[in-house]
Amino acid sequence: MVNSIKDDHWLERPKTVKRLWYGFIILLVLSVVAQLYTGGKGYFGIDGWVGFGAWFGFLACVVLVIIAKILGKVLKREESFYGESDD
Amino acid sequence: MASPMIEWLSPTMVLLASTPLIGLLRGHFRDAVILVVPLISLWLVWQVPDGVVMTLSFFEYRIEPIEGSALRRLFGTIFALMTFVGGLYAFRQSRWYEIAAGYVYAAGAIGVCFAGDLITLFIYWELMALFSTVVIWCGGTPAARQAGIRYATMHLLGGTILMIGIISLALESGSVDIVPLRAADFSTWMILIGLLVNVAAPPVSAWLADAYPEASPTGSVFLSAFTTKTAVFTLILMFPGEPILIPVGLYMVMYGIIYALLENDARRILAYSIVNQVGFMVCAIGIGTELAINGAASHAFAHIIYKALLFMSAGVVVYRTGISKCTELGGLFRTMPITMVCGVIGALAISGFPLTSGFTTKTMISQAAANEALVAVYFLLAAASAGVFLHAGIKFPWFVFFQKDSGLRPKDAPWNMSAAMILFAALCIFIGVFPELLYRHLPYAVDFNAYTPTKVIYYLQLLLFSGLAFFLLLPLMRRTRTISLDVDWLWRVALVALSRNLSSWAHATTAHLNNRWVRWLGQFNERPSEPGYVTRKQKVLRIDLWRNWSIGSTALWIAVLLASYVAIYAT
C-alpha cells in the first residue's frame, strides 16, 4: 500500500514551480489593479485605500507568524512532555 | 406543516431509537439503518412547526421537549445532514459501537435544537457529553483513553456549572423557559459559563484540541460538528448581544490561529481552527444585531460542512497511512487526488474565498461589526480572516499533500469516504454560489449581498497576499516535532503533582494511624506479629473504598441511568 519510490512529478519540477510563481504574482497584481475599477470606499476611510486589503493581509500574517514564533519559544515542548507519545 | 405525529416521532427520538438497531442488526440491514435513519430525521426536522409542540409537567415546571422556529430547524437540519454524511463516511470502516455512540451524540445535539425549556436542554446536553466521550474512547489508544477522561471531566464540570445556573434561575424566576438573558447575577453567569465551556472559550479552550485529534479518523468527523455548534446555538437563544462575548470571541479567534501555527499534528491544526471559527460566531453573538445573529447562525451552518470536510480529508490520510504529523507527511497529491481536491475545497471555504460557503457567511459577521462602528472588532476580524488562510487554508493542504515528497504512496479514499467528501465539497461551493438558498432559512430576514465588487476584491487581496506571506515566511514555519503548552498544563501537570503529594501525605498519615490502631488492638487478641506480617484487621483497614469503583463502570452506570431517565421522561 505504501511504497517509497521517489519520482519526478511534473508539479514539482523547478520549471513548473517558477511558472506557478509567475501566475501567482500576476494574480496579486490583478487583485490590486481591479480595485481601481471597483473604486471601493470602505467603512472607516483607511480600508478604502487602494491595496488596503493587500498590505493589511500581508502585514497581519507577518505579525501573527512573529507572535507565534516568539510564543513558540516559551510554549513548545517535546512530544513526550506529557509522557504519552502516540507514535 | 404541523402534524400530531411529530409529538411521538420527533427527529431526536427517531435517531435515538435507531441506535440499538445498529448494534443488533448485521450486514446490509445495519448499513441501511445507518444511512436511512438520519435522512428520516432530517425530514422530520422540517415537520416541526413554529412554537411549542408538546407540553409536560415536571414538578411545578412546564417542560417543552419540542419547540420549533427557523433557527431551531436551521441547526437541526445541519446536525441531521451531518449525521448522514458522518454515517456515510464511517459505515464501512468504523466499529458499530463508534457509529452508535456518534448517533446518540448527534441525537443529543438535535435534541438541544428543539428543546423548549432548560431541563430538556440540560438532559440532551449531558447525553452529548457522555457519548462524545465514548466516541473519543473509540480512538482505542492509551492517549485516546486519557484524553477522553480529561474531556469527560471538563464537560461534566461545565455541565455541573450549567446545572447550578439553571436550578438557581428556576428558583428565582419560577420558570425554566429559554429566554434571552444578560449575564447580570449569579444564576445567569453560571449558565453563561456553563455554555462557554462547550464553545471552548478561554481559559479552557485547550480541551478541544486535546481530545478531538485522539479519536479515530471517523470519530473526529462527528466530534468536529456537534458540541461547539450546539453551544453556539444555545448562546444565540440565551445571550444574544451579551457584550462580554465580543472579547471572548476575539480571543478565541486569535488563540486558534497562533496555536495552529505552532502545531505539527494535521488533525490538531484543524481542531485549533474550530476554536478560531467558533470565535467568529461567538463574537457575532456578542454584537447581537439581526445581521450579526444571521451571520453567526449561517456561519455555524457553513462551518460544520467545511470543517467536517477538512476532518474527513485528514481522516482519510490517517486511515491510509496511520500518520497525522506534518513532519512525516507530504507529497500525497500524487496518489490521493480526490482527498486532496476535497481538502483544498474545504480549506478555501474555511478561508472564505469568494464562491465558497465561508465567504457568504463570514462577510455577514464583518458587515455587522462595520454597521455598529466597531472599528477594532472589524479590523481584528479582517486580520483573523487573513490568519485563517495562513493556518488552515494553506498550511493544512500544503504540509499534508504538497511540501516535500515523503515517499508515501497511499491509496486514495474508499468509495464511501470519497462520496461523503464529494457531497460536502459540492455543498461548500453550492452555498458559495447560491447563498440566498441558505439566507432564506436564517432567523431574520436577510438584506445582505456578499458579492459586491468591493467586498470580493477586498477579500481577494486579503487572502492572496496572505498566501504570499505564507510562502515568503515558509522558512519561519518549519514544522518541529513538538507540542505546545496550554492552560491545561495546570491540571495535567501542576494539579497531578499536587494531588500526588497530598495523597502520599495522606497515605503516610493513614498508615501511621493504622499501625497505631492495630498495635493497640493487638494487645487484646493477637500475638505481636513479625515484621512484614499483615494482620486481618490491617487488611480491612487498608481498603480504599474510592478505588473500587473504576471510571469505566461509573461512566457505564451514569449512561444507563441517564438513558433510562431519557426514555421514561420522553414517553
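Residues numbered from 1 in each chain as written. Chains lettered and ligands numbered in written order. Predicted model: local features only at pLDDT ≥ 70, side-chain atom pairs only at ≥ 80, totals over all residues. Heavy atoms only, no water.

A. Molecular detail of unusual backbone geometry. Residues and elements named next belong to chain B. In this structure, P203 follows P202 across a cis peptide bond, with omega equal to 0°. Relative to the elements of secondary structure, P203 occurs in the loop between α7 (186-198) and α8 (206-211). The backbone of Q403 sits at a positive phi, close to 55°, despite the residue not being glycine. With respect to the helices, strands and loops of the structure, Q403 is situated in the loop between α16 (375-401) and α17 (415-433). A relative accessible area of 24% means that Q403 is categorised as partly exposed. (Helix = DSSP H or I, 4+ residues; strand = E, 2+ residues; numbered from the N terminus. Buried < 20%, exposed > 50% of the residue type's maximum accessible area, 1.4 Å probe, protein only.)

B. Main features of the pairing of strand β2 (residues 61-68) of chain B. Residues and elements named next belong to chain B. Across the eight residues of β2, seven count as buried, placing the element largely inside the fold. One ladder, built from six bridges, connects strand β1 (residues 51-58) with β2; its direction is antiparallel. Along β2, the bridge assignment pairs V52 with E67. Hairpin connection from β1 to β2: two residues lie between these consecutive antiparallel strands, with F59 at a positive phi of about 50°. (Pairing = 2+ DSSP bridges.)

C. Spotlight on a nonpolar patch on the surface. A contiguous nonpolar patch, built from V17, W21, Y22, I25, V29, V33, L36, Y37 and V50 of chain A together with L472 of chain B and spanning about 1,000 Å² of accessible area, is present on the exposed surface. With eight residues, helix α1 (residues 14-38) of chain A is the single largest residue contributor to the nonpolar patch. (Patch = residues over 30% accessible without salt bridge, like charges linked within 9 Å, V, L, I, M, F, W, Y side chains within 5 Å. Areas by Shrake-Rupley, 256 points an atom, 1.4 Å probe, with all protein chains shown as cover. Salt bridge = Lys/Arg side-chain N within 4 Å of Asp/Glu carboxyl O.)

D. Examining empty space enclosed by the protein more closely. Residue and element names in this part refer to chain B. Tallying each qualifying case throughout the model produces two cavities of 30 Å³ or more. A266, A314, V317, V318, I323, S324, L329, F396 and V400 are the residues that line the second largest cavity. Looking at the lining of the second largest cavity, the elements that each hand over two or more residues are α13 (290-321) and α16. By residue number, the principal contributor to the lining of the second largest cavity is α13, which donates three residues. A breakdown of the residues in the lining of the second largest cavity according to their chemical character gives eight nonpolar, one polar and no charged. (1 Å grid on protein atoms, 1.4 Å probe; cavity = no way out; pocket = protein on both sides within 12 Å on 5 of 7 lines; lining within 4 Å. Points joined across faces, edges and corners; volume = space filled by probe spheres on them. Nonpolar A, V, L, I, M, F, W, Y, C, P; charged D, E, K, R; others polar.)

That's the geometry; what it means functionally is another story.
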